[in-house]
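Coordinate analysis (summary)
Spelled out, the chains give:
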Amino acid sequence: MSGPTVSQPLLEAHSLTKHYGQTIALHDVDMHVREGITGLLGPNGAGKSTAMKLFLGLLQPTAGSATVLGEKPYENIAIRMRLGYMPEHDCLPDFMTASEFLSHMAQVSGIPAKHARTRAADMLRHVGLDEERYRHIKEYSTGMKQRVKLAQALVHDPVMVLLDEPTAGLDPGGREEMLQLVRRTGKDFGINIMLSSHLMGDVETTCDRIIVIEGGAIIEEGAVSEFTQETETFYIDVDDRREEVIAALEARGIKTRISGGSVVVRLHRDEQLDDIRDALAEVQARLRRLAPSRGELSDIFRRSTG
Amino acid sequence: MSQAQGEIYDLGYQHYDGPRGGRMQAVRSLWVNSFRTTVGLGRGARAKILPVLMSLVVIAPPAVFLVLAAVVGSGKLSHADFYEATSILLLLFAAIIAPELLIPDRRNGVTTLYLVRPLTAFDYVAARWSAFLTVALLVTLFGQVLVLIGNSLAAEQAREFLQENWIDIPRFILAGVIITAFVTTIPMAVAAFTERRAYAAAFVIAVFVITTPMSGLLTTEWCERSVTFAVESGEIVEEAGPEECRRITGDYAKWFVLLDVGRAPTHISDMVFEDDTPDDASILVAELPPAVPIAWYGLLVIGPGALLLWRYWSMKI
């Protein structure tokens, strides 16, 4: 099996469609995932997990095609040796120690027993469970279990790892630690990652590229920087007459929303700044702040998904 | 005095460039894991109790026989009778332990992790199934070896006995495979359709507990003797008539004996050993064409086996 070249995407989908009976999980999806960390962003039920399972070869497409490292993945044993997968749901045997479990998973991935034990120890060290590796998994916290799930996905040194909602069930501290681990896995370990999440913050802070998926279709895709540059969001704080300001802005064709007491507007042309000035002057509101916002994925996601 | 000096380096993440065994390595490691789970290796003491207890119960009778044969120098234990006695114990063992190989994986979601590795659903089921079969076979064959040694010691000339009865060795191996394949497949198939080990065990045991007396009731020969009374010399005299025996299912009893699902493999075992001391059920089965009990056994193994495979083949993960 030849490795992917720079021009060859790691994962590719052409008109990829998957139906479960009458339910359409994915419809006519085209996708190209290259090296680095790619975020698959979408709400629950958008088709993220289905897309991952199609790339893992666990499901057969209803129509279209998926390729992984240039090959069809469905029931392709060779491809599975080069992929790692961290499911969203629980997938750990609570009666085993993390060390035993990882060693076993490495062996089931084709690595001989002697090497498997070393790999297991290395991976548990990398995910910060070196000290706890001989404890039974049932004694682990949710955060520790998520780390074991990540470690088992990496233990056979895959070319690419697919992480399905890796921060699910974690508190803010645990979530940030997990995202740091994911970043480290991608940047320092050099392992390509596809990360699915319904949380904008997860992909915004972790990924190089983003694919936005909704209702089984790709809505947008591009580099994180492209997404954030594209957004021209301004915060307007006034001392009084906020409702009148909103009415004046809306009358000039500028859509508004309220966020944390501020009037938030998205501009599409530079001249619209003049419209804001005119609207404020018209209602004689006392301006306290007019500040551009750094683009946020949440804005893009909201716009993309309506 | 010089002082030892050293530095600790963090080598960071190391990519793996060692050997990769592929699918065979994956199946082998799953098989080893299943074997260890079956006998309770790498688990707590509680997990070892049942395998050890069951092995002792299966092996104890031939072991006692062997000791008696060695001391007294007489006696004979039939290989077919050994299977007849132990098959129900093996079935109990399988009903309780076999679900342990499948249900925790599904309940904990580990099956997903296996199926994204270089294993097919068939590989997974085959590795689990064959590992349990190996353990059950080892226990039964060990018992049969003890029987063989005991019979040899009880014979006047051990060497002559072995020369005359060597054919028993391939026979008890073949019959052992037939019995252990049966006791492995059915509990595993049941375990594929429930999330609770206790339910799987209870269902399997219930099937055998119910079908045995049911078959017995329908096939047992009931005998009665008519009694006539006469008055002779002013006294009532009782006269016993001829004994009449019948089964409530009449000539169909030979078919109803197959209802005893637990006896299905021992009917085949009796054929393998050409058992010359058959019991009532074996006599009835012998009235059927040999293909019938063989087909019945095949159905009871292949049917659940196919269901087991289908369950994992079609599993949504």
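Note that the coordinates shown come from a computational prediction; the quantities given were computed from them, not determined experimentally.

Here we come to the overall build of chain A. A tally of helices and strands in chain A yields 11 helices and 13 strands. Within the span of chain A, comprising 306 residues, buried residues form 54% of the whole. Look at the contacts in chain A between residues 6 or more apart in sequence, and 69% of them connect residues 24 or more apart. Entry remark: accessible area of chain A is about 13200 Å², with carbon and sulfur atoms responsible for 46%. Each charge class in chain A can be summarised by its mean position, and for the 36 positive and 45 negative side chains these summaries are 4 Å apart.

Below, the discussion takes up the pairing of strand S1 (residues 221–232) of chain B. Residues and elements named next belong to chain B. As judged from the 11 bridges shared by S1 and strand S2 (residues 235–247), these two strands associate in the antiparallel manner. By the bridge assignment for S2, Trp222 is matched with Arg246. Taken together, S1 and the strand that follows it, S2, pair antiparallel across an intervening segment of 2 residues, in which Ser233 is found at a positive phi of about 55°.

Turning next to the sheet that holds strand S8 (residues 209–214) of chain A. All names here are of chain A. Spatially, the 6 strands line up as an open sheet ordered S5-S6-S7-S3-S8-S9, and their pairing is mixed. Each having just a single partner strand, strand S5 (83–86) and strand S9 (217–223) make up the two edges of the open sheet. Strand-to-strand twist of the sheet, defined as the mean angle between neighbouring strand axes without regard to direction, takes the value 15°. When strand S3 (residues 37–41) meets strand S7 (residues 192–197), the two strands line up parallel, connected through 5 bridges. Paired with Thr38 across the strands is Met194, a residue of S7. Against the sheet, helix H5 (residues 142–154) touches S5 and strand S6 (160–164), its axis set at about 165° to S5.

Turning next to the confidence of the model for chain B. Averaged over chain B, the pLDDT score is 86; the fraction of residues at 70 or greater is 95%. At the level of individual helices and strands, chain B shows its lowest average pLDDT in S2 of chain B, which scores 79, and its highest in helix H12 (residues 291–313) of chain B, which scores 95.

Residue and element names in this part refer to chain A. Its identity is not glycine, yet Asp157 carries a phi of approximately 55°, on the positive side. With respect to the secondary-structure elements, Asp157 resides in the loop between H5 and S6. In the Ramachandran plot, Gln284 falls in the positive-phi region, its phi being about 55° despite a non-glycine side chain. Within the element layout of this structure, Gln284 appears in the loop between helix H10 (272–283) and strand S13 (287–293).

This paragraph deals with the side chain of Thr211 of chain B. Residues and elements named next belong to chain B. Note on placement: Thr211 falls in helix H8 (residues 197–219). Within the local environment of Thr211, its side chain forms a polar contact with the backbone oxygen of Val207, the two atoms lying 2.9 Å apart. For Thr211, the residues in contact, after removing those within four places along its chain, are Leu259, Asp260 and Val261.

Residue and element names in this part refer to chain A. Their axes nearest at 11 Å, the elements H5 and helix H6 (residues 172–187) cross at an angle of 15°. Taken together, H5 and H6 sit at an angle that is classed as roughly parallel. When the axes of H5 and H6 are compared, the crossing they make is right-handed. Of the residues in H6, those touching H5 at Gln146, Arg147, Leu150 and Leu154 are Glu177, Met178, Leu181 and Thr185. When its residues are assigned to classes, the contact of H5 with H6 shows 4 nonpolar, 2 polar and 2 charged.

Residue and element names in this part refer to chain B. It is at 10 Å that the axes of helix H2 (residues 45–72) and helix H3 (residues 79–108) come closest, and there the two elements cross at 180°. With respect to H3, the axis of H2 lies roughly antiparallel. Here Leu50, Pro51, Met54, Val57, Val58 and Pro62 of H2 come into contact with H3, specifically with Phe82, Thr86, Leu89, Leu92, Phe93, Ile96 and Ile97. The residue inventory of the contact of H2 with H3, partitioned by class, reads 12 nonpolar, 1 polar and no charged.

Helical geometry note: an α-helix holds 3.6 residues per turn, so side chains three or four residues apart project in the same direction. All names here are of chain A. Inspection of helix H9 (residues 242–251) places Val245, Ile246, Ala248 and Leu249 among the buried residues, and these make up the whole buried set. Relative to the axis of H9, the buried residues are bounded by an arc of 165° and lie together on one face. Summarising the geometry of H9, the exposed residues directed more than 90 degrees from the buried face are Glu243 and Ala251. In this fold, the buried residues of H9 make contact with strand S10 (233–238), strand S11 (256–259), strand S12 (262–266) and H10. Backbone geometry just downstream of H9 places Gly253 in the positive-phi region, at approximately 85°.

Attention now moves to the domain arrangement of chain B. Along its sequence, chain B is organised into domain 1 (22–213 + 301–313) and domain 2 (222–248). Between the C-alpha centres of domain 1 of chain B and domain 2 of chain B there is a distance of 51 Å.

Right, let's talk about the interface of chain A and chain B for a bit. Each partner contributes residues to the interface: chain A has 40 residues there, and chain B has 33 residues. Taken together, the two surfaces of chain A and chain B that pack against each other cover about 3300 Å², and 59% of this comes from carbon and sulfur. If you look at where chain A meets chain B, you find 0 salt bridges. Listed by contribution, the elements that provide at least two residues to the side of chain A that touches chain B are helix H1 (48–56), helix H2 (77–80), helix H3 (98–108), helix H4 (113–126) and H5 of chain A. Partitioning the side of chain A that touches chain B into residue classes produces 22 nonpolar, 9 polar and 9 charged.

It is worth spelling out the nonpolar core at this point. With 112 residues, the main nonpolar core has Phe101, Leu102 and Val148 of chain A together with Phe132, Phe182 and Tyr312 of chain B as its most contacted residues. Counting residues per element, this core draws most heavily on helix H5 (residues 121–154) of chain B, which supplies 14 residues. Look past the residues within four positions of Val148 of chain A in its chain and what remains in contact with it is Leu92, Ala98, Phe101, Leu102, Leu129, Ile137 and Tyr140 of chain A. Listed in part, the 31 residues of the second largest apolar core include Leu11, Val33, Ala51 and Ile211 of chain A.

Turning our eyes to something else, we now look at a nonpolar patch on the surface. Together, Val64, Val67, Leu68, Val71 and Val72 of chain B make up a nonpolar patch on the protein surface, roughly 480 Å² of accessible area in all. Relative to the elements of secondary structure, Leu68 of chain B occurs in helix H2.

Here we take up the domain arrangement of chain A. Taken as a whole, chain A is organised into domain 1 (11–224) and domain 2 (231–304). Between the C-alpha centres of domain 1 of chain A and domain 2 of chain A there is a distance of 39 Å.

Cut-offs used in this document
Residues numbered from 1 in each chain as written. Chains lettered and ligands numbered in written order. Predicted model: local features only at pLDDT ≥ 70, side-chain atom pairs only at ≥ 80, totals over all residues. Heavy atoms only, no water. Helix = DSSP H or I, 4+ residues; strand = E, 2+ residues; numbered from the N terminus. Buried < 20%, exposed > 50% of the residue type's maximum accessible area, 1.4 Å probe, protein only. Contact = heavy atoms within 4.5 Å. Areas by Shrake-Rupley, 256 points an atom, 1.4 Å probe, with all protein chains shown as cover. Lys, Arg positive; Asp, Glu negative; His and termini not counted. Charge placed at Lys NZ, Arg CZ, Asp CG, Glu CD. Pairing = 2+ DSSP bridges. Axes fitted to C-alpha atoms, helices over the stretch in contact; angles between N-to-C directions. pLDDT = per-residue confidence, 0-100. Polar contact = N/O pair within 3.5 Å; in protein donor to acceptor, adjacent residues only side chain to side chain. Parallel < 35°, antiparallel > 145°, perpendicular 65-115°, else oblique. Left-handed = near helix turned anticlockwise from the far one by under 90°. Nonpolar A, V, L, I, M, F, W, Y, C, P; charged D, E, K, R; others polar. Arc of directions from axis to C-beta. Domains from an automatic or database assignment. Buried area = accessible area lost by both parts, 1.4 Å probe. Salt bridge = Lys/Arg side-chain N within 4 Å of Asp/Glu carboxyl O. Core = buried A, V, L, I, M, F, W, Y, C linked by side-chain atoms within 4.5 Å. Patch = residues over 30% accessible without salt bridge, like charges linked within 9 Å, V, L, I, M, F, W, Y side chains within 5 Å.

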